[in-house]
Structures are given as C-alpha cells and as structure tokens.
Amino acid sequence: MAALGAVVPLLLLLGLSLGLGRAAPPVVLWHGMGDSCCNPRSMGYIRGLLQRRLPGTYVLSLRLGASALQDVENSFFMNANDQVREVCGQLAADPHLKGGYNAIGFSQGGQFLRAVAQRCPSPPMLNLISVGGQHQGVFGFPRCPGESSHICDWIRKTLDLGAYTQAVQEHLVQAEYWHDPLREEDYRKSSIFLADINQERGINETYKKNLMALKRFVMVKFLNDTMVDPPISEWFGFYKSGQAKETIPLRETPLYTEDRLGLQEMDKAGKLLFLGVEGEHLQFSEQWFCATILPFLQ
C-alpha cells in the first residue's frame, strides 16, 4: 500500500505535466470579405466544429459592428486600420485571452490578424494560421463570393478609377491591400494598410519583434484559387515588380532577402509553414480542417 501511495501522486503529477484534461488555448477567428462572425455556413460552422473537437476551448469569432449585417458591411467599408484597432481592444478586454490565444484568419482576415500580431502583442498571439490570406495584397478581383458579387463589381470599377486616392483608401477595405506591381511607388506612398504592415516605407522594429514572437505562422494556399490574384500572395509571394505576369515566391522578395519583417529569421527557425490544399478559395472539407489545422491548436 505504501508503494501504491507513492505511485498515485506521481501519476497525477505526470498527468498534469502532460496537460491531460486541459482545454486547448483559446482560439480567435476572423472572417473574410462579405462574411460575418456567425454565418452558420461559414464562421458559425467553424466555431461549432472547434468547440466539438476541442472540448472546453474558448472560441471567439470576431464581429465588427452591432449586428451580423453590419459586420458584413464593415468587411467592405470599415477602414482596415480601424478594424484592427477595434479588434485589439476586444482582445485586450477579454479575460479568457489573457494567457494567450491561437488565431485563424480566413481570406482578408489572415492579413488583418497578422496586423494584430504586429501591432498588439498583449494578449499574446501564440500561433497564426492564415487560410487564404493575401499577405502581399491583390491585383484584381476576378471572382467574388455569391451574394456579394454586385458589390465586387462596384469595387472593381472603383479600384480601376483610383485605388490610391485618399478617399478610396480610407473607405474601401480592399483598396487598402491593393498592390499594383506596375505602380510600386504609388503603392508604397499611398497604401494606408498593407504598405505599413509590410514595412514598405521603413522598418518598424516593434512590428518585427512582435511578429517574430509567434510560435508558428502557418499559411494555407488554395491550389485552384480563381478569386485571389495572384494566388501566390497566400504564401507571401507576389508579382515581380514592374509587370503582372511572372510571380516570385516569398524567399525571392526584398521583404524576405532584406528581412524587413523577420520572416527570414522565422523561416530559418522553422516557424513558417506553407501548406497547400486542393480547391477553390476557402473551399475545404471538414476532414482536411481537422487533420491539418487542429494539430496547431492543441
């Protein structure tokens, strides 16, 4: 009995050290263009899936606005910097997140959550998973999701008329990560969001330090994507400057070779992961999500 009495506390200690019975860290979700926090066919479904597969885990699906409808509208028309600022406030005020959280951004939510990681280190983001995020921006909207197609037609016309004008930059979200490889100087000078978080106008050492604090930065690219132009932006690549045909991977971009954002150092440390999935933009199976994404959250 004495020997058994010694073994039981040891087993309990091992169980605690292995994290048995503990919930996974909290998860924060940020939806994409034309979506909302709680759509039962998208973010609402993902939130429920995470709660089922990670019992006891706190899952926050971000909402910008007083309603789901306003959340959708803000994904088009609320200044991205204001969105990031508001989300930073939401995260800082949430007691569930004070010990840190994992983040999953879908489409434009991927680059928005990266901005959160760079600008708002408290509470700490542990892992950032970008599912179809466009980290070098876009240069076209060849296709738009379902009910939002009429809005996207208007967006195309507006971007063609003046993506880098002050009025468009301040009031059209997609203009704020519009990256014209034929007008690189205009982009660097006038982009109020993407050029800033990608260190195009100078090096913000705080941005670099905060991003490098991530345990992992996972980027998922959709291998049959016809919505994002160019799709390689989902892996932080882009068009070679001065033309819009040939693309280059992240490791050949000045952002990486000059290590302006710490991505080269993160890559060498094994913190960058580039994953591909067959399918159109944001089209993936539950099986793929559970097999591929869940392990990063546990």
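Attention here is on the structure that accompanies the text. Remember, predicted model here, so these are calculated numbers, not experimental data.

Scoring rules and cut-offs
Residues numbered from 1 in each chain as written. Predicted model: local features only at pLDDT ≥ 70, side-chain atom pairs only at ≥ 80, totals over all residues. Heavy atoms only, no water. Helix = DSSP H or I, 4+ residues; strand = E, 2+ residues; numbered from the N terminus. Buried < 20%, exposed > 50% of the residue type's maximum accessible area, 1.4 Å probe, protein only. Areas by Shrake-Rupley, 256 points an atom, 1.4 Å probe, with all protein chains shown as cover. Polar contact = N/O pair within 3.5 Å; in protein donor to acceptor, adjacent residues only side chain to side chain. Contact = heavy atoms within 4.5 Å. Pairing = 2+ DSSP bridges. Axes fitted to C-alpha atoms, helices over the stretch in contact; angles between N-to-C directions. Core = buried A, V, L, I, M, F, W, Y, C linked by side-chain atoms within 4.5 Å. Phe/Tyr/Trp six-rings, centres within 6.5 Å; stacked < 30°, edge-to-face > 60°. Parallel < 35°, antiparallel > 145°, perpendicular 65-115°, else oblique. Salt bridge = Lys/Arg side-chain N within 4 Å of Asp/Glu carboxyl O.

Notes on the overall build of the chain
Looking only at helices and strands, the chain has 13 helices and eight strands in total. Looking at the chain residue by residue over its 298 residues, the buried ones come to 53%. About 13600 Å² of surface is accessible on the chain, with carbon and sulfur atoms providing 56% of the total.

Considering the side chain of asparagine 81
Along the chain, asparagine 81 turns up in helix 4 (residues 80–93). Assessed through its relative accessible area of 12%, asparagine 81 is described here as buried. Within polar-contact distance, the side chain of asparagine 81 engages the side chain of arginine 119 at 2.9 Å. The contact partners of asparagine 81, leaving out residues within four places of it in the chain, are Arg119, Glu176, Ile192 and Phe193.

Topic: the sheet that holds strand 1 (residues 27–30)
Taken in spatial order, the six strands make up an open sheet running 2-1-3-4-5-8, and their pairing is parallel. Edge positions in the open sheet fall to strand 2 (59–61) and strand 8 (272–277), since each of these has one partner strand only. Taking each pair of neighbouring strands and ignoring which way they run, the sheet shows an average axis angle of 15°. As judged from the five bridges shared by strand 4 (residues 125–131) and strand 5 (residues 216–222), these two strands associate in the parallel manner. In the sheet register, asparagine 127 faces strand 5, and the bridge partner there is arginine 216. Taken strand by strand, helix 5 (residues 108–119) contacts strand 1, strand 3 (101–106), strand 4 and strand 5, and its axis lies near 145° from that of strand 3.

What to know about the nonpolar core
By size, the foremost hydrophobic cluster in this structure holds 58 residues, and its most contacted members are Trp30, Leu91, Val116, Met125, Phe217 and Leu263. Filtering out sequence-adjacent residues up to four positions away, methionine 125 remains in contact with Tyr101, Ala103, Leu113, Val116, Ala117 and Leu214. Within the second largest apolar cluster, 25 residues are counted, among which are Val27, Leu49, Val218 and Cys290.

Describing the packing of aromatic side chains
Tallying each qualifying case throughout the model produces 12 aromatic pairs. Ring centres of phenylalanine 284 and phenylalanine 289 lie 5.8 Å apart, and the angle between their planes is 20°; on these two criteria the pair is classed as stacked. Overall, phenylalanine 289 belongs to the buried group, its relative accessible area being 1%. Put simply, the rings of Phe106, Phe222, Phe284, Trp288 and Phe289 pair up and form one aromatic cluster.

Some points on the packing of helix 5 against helix 10 (residues 205–212)
Their axes nearest at 7 Å, the elements helix 5 and helix 10 cross at an angle of 110°. Comparing the axis directions of helix 5 and helix 10 gives the class roughly perpendicular. Between helix 5 and helix 10, the residues in contact are Arg114, Ala117, Gln118 and Arg119 and Thr206, Tyr207, Asn210 and Leu211, respectively.

Notes on the pattern of salt bridges
Across all of its chains, the model carries nine salt bridges by this definition. In this structure, arginine 188 and glutamate 185 form a salt bridge, with 3.0 Å as the shortest nitrogen-oxygen distance. Of this pair, arginine 188 and glutamate 185 both sit in helix 8 (residues 184–190), three residues apart, which is roughly one turn of the helix. For arginine 251, the salt bridge goes to aspartate 267, with nearest N and O atoms at 2.7 Å. Placement of arginine 251 in the loop between strand 7 (247–248) and helix 11 (254–257) and of aspartate 267 in helix 12 (residues 263–268) is noted, with a sequence separation of 16 residues between them. Using a relative accessible area of 46% as the deciding quantity, one classes arginine 251 as partly exposed. One continuous salt-bridge network, built from bridges that share partners, spans Glu185, Arg188, Glu200, Glu258 and Arg260.

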